[in-house]
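Chain and residue survey
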Amino acid sequence: PKVDPYIQQLMTEWGVAGSAVSIVHKDKVIFSKGFGYRDVANKIPVTTKTLFGIASNTKLFTSIAAAMLHEEKKLDLDKPVRTYMPELHFATGELDEKLTLRDMLSHRSGVPRWDGVWEGSGHTLQEILDRLQYMEPTKGFREGYLYNNNMYAAAGAVTAKVNGTTWEQLIQTKLFDPLEMKQSTFSFEAAAKKGEFSKDYLVGRVDKKLKEYEPDTDCACWAPAAAIVSNVEELSNWMMAQINGGKFKGKQVIPSKAIIETIKPNNIASTEMVYDEVFYGLYGMGRSSTDYKGHVIVSHGGVISGYRSTIAMLPKDSLAIIVLTNTAQGSPMANATVYG
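Structure report, in brief. (Residues numbered from 1 in each chain as written. Predicted model: local features only at pLDDT ≥ 70, side-chain atom pairs only at ≥ 80, totals over all residues. Heavy atoms only, no water.)

A few words now on the nonpolar core. Residues Phe-61, Phe-90, Met-104, Ile-171, Leu-235, Trp-238 and Ile-254 are the most contacted members of the largest nonpolar core, which totals 82 residues. Sorting elements by how many residues they give to this core places helix α2 (residues 59–71) first, with eight residues. Apart from the residues within four sequence positions on either side, Ile-254 is in contact with Ile-64, Met-68, Leu-175, Trp-238, Ala-241, Gln-242, Gly-245, Gly-246 and Ile-259. Counting residues in each nonpolar core, the second largest holds 18 residues, with Val-278, Tyr-292, Ala-312 and Met-333 among its members. (Core = buried A, V, L, I, M, F, W, Y, C linked by side-chain atoms within 4.5 Å. Buried < 20%, exposed > 50% of the residue type's maximum accessible area, 1.4 Å probe, protein only. Helix = DSSP H or I, 4+ residues; strand = E, 2+ residues; numbered from the N terminus. Contact = heavy atoms within 4.5 Å.)

In terms of residue burial, strand β14 (residues 307–314) counts as a mostly covered element, since eight of its eight residues are buried. Residue alternation in β14 divides its side chains into two sets, Tyr-307, Ser-309, Ile-311 and Met-313 and Arg-308, Thr-310, Ala-312 and Leu-314, and both sets are buried. Where strand β13 (residues 295–304) lies against β14, seven bridges are found, and the strand directions are antiparallel. The residue bridging Gly-301 from the neighbouring strand is Thr-310, located in β14. As consecutive antiparallel partners, β13 and β14 are separated by two residues, and within that stretch Ser-305 has a phi angle of approximately 45°, a positive value. Here β14 pairs with strand β15 (residues 319–325) via seven bridges, running antiparallel. Counted as the bridge partner of Ser-309 is Leu-324 from β15. Hairpin remark: β14 followed by β15, antiparallel, with four residues in the connecting loop; positive phi at Ser-318, about 55°. (Pairing = 2+ DSSP bridges.)

Let us now look at the packing of aromatic side chains. A full pass over the atoms with the stated rule returns 10 aromatic pairs. The interplanar angle of 15° and the centroid separation of 3.8 Å between the aromatic rings of Phe-61 and Trp-238 together place this pair among those described as stacked. Linking Phe-61 in helix α2 with Trp-238 in helix α10 (residues 232–243), this pair joins segments that are 177 residues apart in sequence. Considered together, Phe-61 and Trp-238 belong to a single accessibility category, that of buried residues. Feature note: the residues Phe-61, Trp-167, Phe-176, Phe-186 and Trp-238 constitute an aromatic cluster, connected by ring pairs. (Phe/Tyr/Trp six-rings, centres within 6.5 Å; stacked < 30°, edge-to-face > 60°.)

Following this line, the structure appears as C-alpha coordinates:
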(Lines give C-alpha, C1' and ligand atoms only; values in the text may rest on other atoms or scores of the structure.)
Protein backbone atom coordinates (compact mmCIF):
# COMPACT_ATOMS: atom_id res chain seq x y z
CA PRO A 1 0.00 0.00 0.00
CA LYS A 2 2.91 2.38 0.62
CA VAL A 3 4.53 1.86 -2.78
CA ASP A 4 1.87 3.38 -5.05
CA PRO A 5 1.58 6.81 -3.40
CA TYR A 6 5.36 7.03 -2.97
CA ILE A 7 6.03 6.43 -6.68
CA GLN A 8 3.25 8.80 -7.72
CA GLN A 9 4.66 11.49 -5.43
CA LEU A 10 8.13 11.08 -6.93
CA MET A 11 6.76 11.25 -10.48
CA THR A 12 4.95 14.48 -9.65
CA GLU A 13 8.02 16.02 -7.99
CA TRP A 14 10.29 15.20 -10.95
CA GLY A 15 7.75 15.77 -13.73
CA VAL A 16 7.96 12.19 -15.00
CA ALA A 17 5.35 11.33 -17.65
CA GLY A 18 5.39 7.56 -17.28
CA SER A 19 7.09 4.85 -15.29
CA ALA A 20 6.97 1.11 -14.65
CA VAL A 21 8.21 -0.51 -11.46
CA SER A 22 8.74 -4.13 -10.52
CA ILE A 23 9.99 -5.73 -7.30
CA VAL A 24 11.27 -9.30 -7.28
CA HIS A 25 11.80 -11.36 -4.12
CA LYS A 26 13.54 -14.72 -4.53
CA ASP A 27 11.68 -16.40 -7.40
CA LYS A 28 8.50 -14.30 -7.31
CA VAL A 29 7.41 -10.90 -8.57
CA ILE A 30 5.84 -9.28 -5.50
CA PHE A 31 5.01 -5.92 -7.11
CA SER A 32 4.68 -4.84 -10.73
CA LYS A 33 2.78 -1.84 -12.03
CA GLY A 34 2.72 0.92 -14.63
CA PHE A 35 2.24 4.58 -13.72
CA GLY A 36 1.39 7.61 -15.84
CA TYR A 37 1.39 7.63 -19.64
CA ARG A 38 3.46 6.12 -22.42
CA ASP A 39 1.72 8.55 -24.81
CA VAL A 40 0.76 11.75 -23.02
CA ALA A 41 -1.15 13.41 -25.87
CA ASN A 42 -3.40 10.40 -26.36
CA LYS A 43 -3.47 9.49 -22.66
CA ILE A 44 -2.32 5.91 -23.28
CA PRO A 45 -1.20 4.50 -19.93
CA VAL A 46 2.03 2.71 -19.08
CA THR A 47 1.55 -0.97 -18.23
CA THR A 48 3.96 -3.66 -17.11
CA LYS A 49 4.32 -4.65 -20.77
CA THR A 50 5.35 -1.17 -21.95
CA LEU A 51 8.80 -1.16 -23.57
CA PHE A 52 11.41 1.42 -22.58
CA GLY A 53 15.00 1.98 -23.63
CA ILE A 54 17.08 0.60 -20.74
CA ALA A 55 20.25 2.30 -22.02
CA SER A 56 23.35 1.38 -20.00
CA ASN A 57 21.54 -1.39 -18.17
CA THR A 58 22.38 -3.17 -21.43
CA LYS A 59 25.98 -3.34 -20.21
CA LEU A 60 25.25 -6.14 -17.75
CA PHE A 61 23.90 -8.30 -20.58
CA THR A 62 27.18 -7.78 -22.45
CA SER A 63 29.22 -8.51 -19.34
CA ILE A 64 27.23 -11.61 -18.38
CA ALA A 65 27.60 -12.96 -21.93
CA ALA A 66 31.37 -12.41 -21.76
CA ALA A 67 31.53 -14.10 -18.35
CA MET A 68 29.52 -17.05 -19.72
CA LEU A 69 32.01 -17.48 -22.57
CA HIS A 70 34.78 -17.26 -19.97
CA GLU A 71 33.18 -20.11 -18.00
CA GLU A 72 32.83 -22.10 -21.23
CA LYS A 73 36.59 -21.64 -21.82
CA LYS A 74 35.91 -19.95 -25.15
CA LEU A 75 37.76 -16.85 -24.00
CA ASP A 76 39.67 -15.59 -20.99
CA LEU A 77 38.58 -12.28 -19.46
CA ASP A 78 42.18 -11.66 -18.39
CA LYS A 79 44.01 -12.30 -21.65
CA PRO A 80 44.80 -9.37 -23.97
CA VAL A 81 41.70 -8.66 -26.01
CA ARG A 82 43.73 -8.68 -29.23
CA THR A 83 44.21 -12.41 -28.65
CA TYR A 84 40.65 -12.73 -29.98
CA MET A 85 40.49 -9.75 -32.32
CA PRO A 86 44.03 -8.91 -33.50
CA GLU A 87 42.69 -6.30 -35.92
CA LEU A 88 41.77 -4.08 -32.94
CA HIS A 89 44.23 -1.24 -32.34
CA PHE A 90 44.31 1.29 -29.53
CA ALA A 91 46.10 4.60 -29.08
CA THR A 92 49.11 3.26 -27.20
CA GLY A 93 51.36 0.23 -27.46
CA GLU A 94 50.63 -0.59 -23.82
CA LEU A 95 46.89 -0.87 -24.51
CA ASP A 96 47.55 -2.97 -27.60
CA GLU A 97 49.70 -5.30 -25.55
CA LYS A 98 47.79 -5.50 -22.25
CA LEU A 99 44.12 -4.39 -22.50
CA THR A 100 41.74 -7.23 -21.52
CA LEU A 101 37.99 -7.72 -21.65
CA ARG A 102 37.90 -7.29 -17.87
CA ASP A 103 39.58 -3.89 -18.28
CA MET A 104 37.10 -2.85 -20.95
CA LEU A 105 34.07 -4.03 -18.99
CA SER A 106 35.16 -2.37 -15.74
CA HIS A 107 36.12 1.04 -17.23
CA ARG A 108 39.81 0.91 -16.31
CA SER A 109 41.44 1.39 -19.72
CA GLY A 110 42.45 4.98 -18.95
CA VAL A 111 40.60 6.10 -22.10
CA PRO A 112 37.80 8.64 -21.50
CA ARG A 113 34.31 8.50 -22.98
CA TRP A 114 34.90 10.11 -26.38
CA ASP A 115 31.10 9.88 -26.79
CA GLY A 116 31.17 12.62 -29.39
CA VAL A 117 32.59 10.07 -31.81
CA TRP A 118 29.31 8.15 -31.90
CA GLU A 119 26.53 10.45 -30.61
CA GLY A 120 24.22 11.20 -33.51
CA SER A 121 26.80 9.88 -35.97
CA GLY A 122 24.92 6.97 -37.50
CA HIS A 123 28.21 5.04 -37.54
CA THR A 124 28.32 1.28 -37.70
CA LEU A 125 29.98 -0.71 -34.94
CA GLN A 126 32.90 -1.44 -37.28
CA GLU A 127 33.42 2.28 -37.86
CA ILE A 128 33.70 2.79 -34.10
CA LEU A 129 36.18 -0.09 -33.83
CA ASP A 130 38.27 1.52 -36.59
CA ARG A 131 38.38 4.77 -34.59
CA LEU A 132 39.53 3.27 -31.28
CA GLN A 133 43.17 3.78 -32.27
CA TYR A 134 42.65 7.57 -32.25
CA MET A 135 41.01 7.76 -28.80
CA GLU A 136 43.86 8.93 -26.58
CA PRO A 137 43.90 7.99 -22.87
CA THR A 138 43.83 10.68 -20.19
CA LYS A 139 44.79 8.38 -17.32
CA GLY A 140 47.43 5.70 -17.03
CA PHE A 141 46.37 2.15 -17.82
CA ARG A 142 44.39 0.69 -14.85
CA GLU A 143 44.97 3.91 -12.88
CA GLY A 144 41.33 4.74 -12.33
CA TYR A 145 37.69 4.74 -13.37
CA LEU A 146 36.77 6.36 -16.70
CA TYR A 147 33.34 5.36 -17.97
CA ASN A 148 33.58 4.34 -21.62
CA ASN A 149 30.76 3.30 -23.97
CA ASN A 150 33.15 2.74 -26.87
CA MET A 151 35.05 0.07 -24.93
CA TYR A 152 31.76 -1.69 -24.21
CA ALA A 153 30.87 -1.59 -27.89
CA ALA A 154 34.25 -3.14 -28.70
CA ALA A 155 33.88 -5.76 -25.96
CA GLY A 156 30.52 -6.75 -27.44
CA ALA A 157 32.15 -7.11 -30.86
CA VAL A 158 34.89 -9.32 -29.42
CA THR A 159 32.44 -11.64 -27.62
CA ALA A 160 30.34 -11.88 -30.77
CA LYS A 161 33.38 -12.83 -32.85
CA VAL A 162 34.39 -15.51 -30.35
CA ASN A 163 30.83 -16.85 -30.40
CA GLY A 164 30.69 -16.82 -34.20
CA THR A 165 27.58 -14.63 -34.26
CA THR A 166 26.52 -10.99 -34.03
CA TRP A 167 26.27 -9.45 -30.56
CA GLU A 168 22.48 -9.38 -30.92
CA GLN A 169 22.38 -13.11 -31.72
CA LEU A 170 24.65 -13.83 -28.76
CA ILE A 171 22.31 -12.03 -26.33
CA GLN A 172 19.19 -13.45 -27.94
CA THR A 173 20.27 -17.09 -27.74
CA LYS A 174 22.17 -17.06 -24.43
CA LEU A 175 19.90 -14.75 -22.44
CA PHE A 176 16.67 -13.55 -24.05
CA ASP A 177 15.43 -16.95 -25.23
CA PRO A 178 16.07 -19.00 -22.06
CA LEU A 179 14.72 -16.17 -19.88
CA GLU A 180 11.53 -15.90 -21.98
CA MET A 181 12.26 -12.29 -22.91
CA LYS A 182 10.12 -12.37 -26.04
CA GLN A 183 9.31 -8.67 -26.38
CA SER A 184 12.79 -7.38 -25.56
CA THR A 185 14.73 -6.15 -28.56
CA PHE A 186 17.75 -4.13 -29.70
CA SER A 187 16.43 -0.90 -31.22
CA PHE A 188 13.69 1.68 -30.83
CA GLU A 189 12.52 0.90 -34.36
CA ALA A 190 12.08 -2.80 -33.60
CA ALA A 191 10.36 -1.98 -30.30
CA ALA A 192 7.87 0.32 -32.03
CA LYS A 193 6.89 -2.52 -34.37
CA LYS A 194 6.18 -4.78 -31.39
CA GLY A 195 3.42 -2.46 -30.23
CA GLU A 196 3.52 -1.16 -26.67
CA PHE A 197 6.57 1.09 -26.94
CA SER A 198 6.67 4.27 -24.87
CA LYS A 199 7.33 7.67 -26.32
CA ASP A 200 9.99 9.63 -24.45
CA TYR A 201 9.83 13.15 -23.04
CA LEU A 202 11.72 15.94 -21.35
CA VAL A 203 10.75 18.89 -19.20
CA GLY A 204 11.71 22.20 -20.83
CA ARG A 205 14.40 24.12 -18.96
CA VAL A 206 12.70 27.47 -19.44
CA ASP A 207 8.95 26.83 -19.69
CA LYS A 208 9.01 23.66 -17.52
CA LYS A 209 6.50 22.06 -19.87
CA LEU A 210 6.59 18.41 -20.85
CA LYS A 211 7.47 17.87 -24.50
CA GLU A 212 8.40 14.94 -26.70
CA TYR A 213 12.10 14.19 -26.95
CA GLU A 214 13.64 14.85 -30.35
CA PRO A 215 14.57 11.55 -32.02
CA ASP A 216 18.27 10.69 -32.01
CA THR A 217 20.14 9.57 -35.10
CA ASP A 218 20.12 5.78 -35.01
CA CYS A 219 23.56 4.39 -34.25
CA ALA A 220 24.10 0.65 -34.14
CA CYS A 221 27.62 1.45 -32.94
CA TRP A 222 26.60 1.59 -29.28
CA ALA A 223 24.45 -1.55 -29.24
CA PRO A 224 26.48 -3.59 -26.67
CA ALA A 225 26.62 -0.52 -24.41
CA ALA A 226 23.07 0.78 -24.55
CA ALA A 227 20.71 -0.66 -27.17
CA ILE A 228 18.31 -3.00 -25.34
CA VAL A 229 14.63 -2.12 -25.11
CA SER A 230 12.57 -4.08 -22.58
CA ASN A 231 9.80 -3.99 -20.00
CA VAL A 232 9.53 -4.68 -16.27
CA GLU A 233 7.88 -8.07 -16.82
CA GLU A 234 10.79 -9.47 -18.81
CA LEU A 235 13.46 -7.68 -16.78
CA SER A 236 11.92 -9.37 -13.73
CA ASN A 237 12.89 -12.70 -15.30
CA TRP A 238 16.40 -11.34 -15.85
CA MET A 239 16.73 -10.25 -12.23
CA MET A 240 15.13 -13.43 -10.91
CA ALA A 241 18.02 -15.33 -12.50
CA GLN A 242 20.52 -12.89 -10.95
CA ILE A 243 19.05 -13.36 -7.46
CA ASN A 244 18.89 -17.15 -7.72
CA GLY A 245 22.44 -17.88 -8.85
CA GLY A 246 21.54 -18.06 -12.54
CA LYS A 247 18.48 -20.31 -12.17
CA PHE A 248 15.16 -19.49 -13.82
CA LYS A 249 12.14 -21.77 -13.52
CA GLY A 250 14.34 -24.55 -12.22
CA LYS A 251 16.87 -24.38 -15.05
CA GLN A 252 20.47 -23.15 -14.79
CA VAL A 253 20.34 -20.44 -17.44
CA ILE A 254 23.47 -18.55 -16.34
CA PRO A 255 26.45 -20.15 -14.57
CA SER A 256 26.53 -18.85 -11.01
CA LYS A 257 30.27 -18.12 -11.39
CA ALA A 258 29.49 -15.81 -14.33
CA ILE A 259 27.22 -13.72 -12.11
CA ILE A 260 29.89 -13.56 -9.41
CA GLU A 261 32.46 -12.39 -12.01
CA THR A 262 30.31 -9.37 -12.83
CA ILE A 263 29.79 -8.41 -9.19
CA LYS A 264 33.31 -8.71 -7.75
CA PRO A 265 34.99 -5.29 -7.81
CA ASN A 266 37.66 -4.35 -10.32
CA ASN A 267 37.59 -0.59 -9.93
CA ILE A 268 36.60 2.24 -7.59
CA ALA A 269 33.68 4.03 -9.25
CA SER A 270 32.94 6.58 -6.53
CA THR A 271 35.32 8.09 -4.03
CA GLU A 272 32.68 10.39 -2.51
CA MET A 273 29.68 9.69 -0.31
CA VAL A 274 27.09 11.95 -1.91
CA TYR A 275 24.48 10.76 0.59
CA ASP A 276 25.20 9.73 4.17
CA GLU A 277 23.31 6.46 3.71
CA VAL A 278 25.17 5.37 0.55
CA PHE A 279 28.78 4.17 0.86
CA TYR A 280 31.60 4.57 -1.68
CA GLY A 281 30.99 2.74 -4.96
CA LEU A 282 32.90 -0.19 -6.45
CA TYR A 283 32.56 -1.29 -10.09
CA GLY A 284 32.62 -4.88 -11.30
CA MET A 285 31.59 -5.50 -14.89
CA GLY A 286 28.40 -3.73 -15.94
CA ARG A 287 27.29 -3.09 -12.38
CA SER A 288 28.40 -1.16 -9.31
CA SER A 289 28.25 -2.18 -5.65
CA THR A 290 27.78 -0.12 -2.52
CA ASP A 291 26.26 -0.28 0.94
CA TYR A 292 22.90 1.31 1.69
CA LYS A 293 21.86 1.41 5.34
CA GLY A 294 23.74 -1.80 6.02
CA HIS A 295 22.48 -3.62 2.91
CA VAL A 296 24.70 -4.58 -0.02
CA ILE A 297 23.18 -3.08 -3.17
CA VAL A 298 24.37 -3.88 -6.70
CA SER A 299 22.97 -1.62 -9.39
CA HIS A 300 23.34 0.37 -12.58
CA GLY A 301 21.60 3.33 -14.16
CA GLY A 302 20.65 3.96 -17.76
CA VAL A 303 20.37 7.16 -19.81
CA ILE A 304 19.46 7.30 -23.50
CA SER A 305 17.31 9.83 -25.36
CA GLY A 306 14.51 10.63 -22.87
CA TYR A 307 14.59 7.22 -21.17
CA ARG A 308 15.99 6.76 -17.67
CA SER A 309 16.28 3.50 -15.73
CA THR A 310 17.70 2.04 -12.55
CA ILE A 311 17.97 -1.69 -11.95
CA ALA A 312 19.18 -2.80 -8.53
CA MET A 313 19.70 -6.04 -6.65
CA LEU A 314 20.18 -6.61 -2.93
CA PRO A 315 21.83 -10.06 -3.13
CA LYS A 316 21.86 -10.74 0.63
CA ASP A 317 18.15 -9.91 0.79
CA SER A 318 17.19 -11.84 -2.39
CA LEU A 319 15.55 -8.68 -3.66
CA ALA A 320 15.60 -6.76 -6.96
CA ILE A 321 13.98 -3.50 -7.97
CA ILE A 322 13.46 -2.36 -11.57
CA VAL A 323 12.44 1.21 -12.40
CA LEU A 324 11.93 2.34 -16.01
CA THR A 325 10.91 5.88 -16.96
CA ASN A 326 10.24 7.78 -20.17
CA THR A 327 11.33 11.27 -19.10
CA ALA A 328 14.80 12.85 -19.22
CA GLN A 329 14.44 14.12 -15.65
CA GLY A 330 13.63 10.59 -14.46
CA SER A 331 16.99 9.49 -13.01
CA PRO A 332 16.46 11.02 -9.54
CA MET A 333 12.95 9.57 -9.45
CA ALA A 334 14.24 6.12 -10.41
CA ASN A 335 17.03 6.24 -7.82
CA ALA A 336 14.72 7.50 -5.10
CA THR A 337 12.29 4.68 -5.87
CA VAL A 338 15.05 2.10 -5.37
CA TYR A 339 16.44 3.66 -2.20
CA GLY A 340 12.96 4.37 -0.80
